[in-house]
Amino acid sequence: MALIEQLKEEQKSAMKAKDKPRLGTIRLALSAIKQREVDEKITLTDDDIIAVLTKMVKQRRDSVAQYETAGRQDLADVEQAEIAVLEEFMPQPLTEEEVAALIETAIADSGAAGMQDMGKVMGVLKPQIQGRADMGKVSGLVRAKLA
């Protein structure tokens, strides 16, 4: 089943179950997807939808950090709940070993010799890792390997 269809089915289930927090999060995701489709005048693929969901999760993680430093645990908990709902629709996360293996393969495939080739390596890695690992951490690992 396509990811957009899965989201719509889960929206219906949340409506029937009267699960307002889950329904709200799914509606936010569907509206973000629809907004991007309208803006770019395209129909999003599953990979594009995963990119939208990844961006939403990243925004919420940033919000959680800000709320916790401000002492607003109640708001941080709401954001954490939204993250949990969004992550249900994302692919399984990669393990540390899988990420390391993908980095090694990408470095070999791109023929990277140093830091100046980091863009090439990240270009090879991004489609494989999108939504399955934190790109900031992956970037740091690539930087360490190339240095």
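Being a predicted model, the structure only gives us computed values, none of them experimental.

Enquirer: So what's going on with unusual backbone geometry? Residues and values would help.
Expert: Positive phi outside glycine occurs at Lys-18, with the angle close to 55°. Here Lys-18 lies in the loop between α1 (3-17) and α2 (20-40). Classification of Lys-18 by relative accessible area gives exposed; the value is 71%. Positive phi, normally seen in glycine, also occurs at Lys-41, with a value near 55°. Checked against the element boundaries, Lys-41 lands in the loop between α2 and α3 (46-69).

Enquirer: Tell me about the domain arrangement of the protein, and name the residues and values.
Expert: What the domain assignment reports for the protein is domain 1 (3-88) and domain 2 (96-146). Relative placement of domain 1 and domain 2: their C-alpha centres are 27 Å apart.

Procedures and definitions
- Here the residue numbers are simple positions, counted from 1 along each chain's written sequence.
- With pLDDT at 70 or above as the cut-off, local features in this predicted model cover only qualifying residues; side-chain atom pairs require 80 or more to be listed or tallied, and sums for whole chains, interfaces and linings still use all residues.
- No hydrogens and no water enter the side-chain calculation; it runs on all heavy atoms of the structure.
- Helix and strand definitions follow DSSP, with helices as H or I runs of at least four residues and strands as E runs of at least two, each counted in order from the N terminus.
- When a residue's accessible area, from a 1.4 Å probe over protein chains only, is under 20% of the maximum for its type it is buried; when over 50% it is exposed; and in between it is partly exposed.
- For the domain bounds, the source is a domain assignment made automatically or taken from a database.

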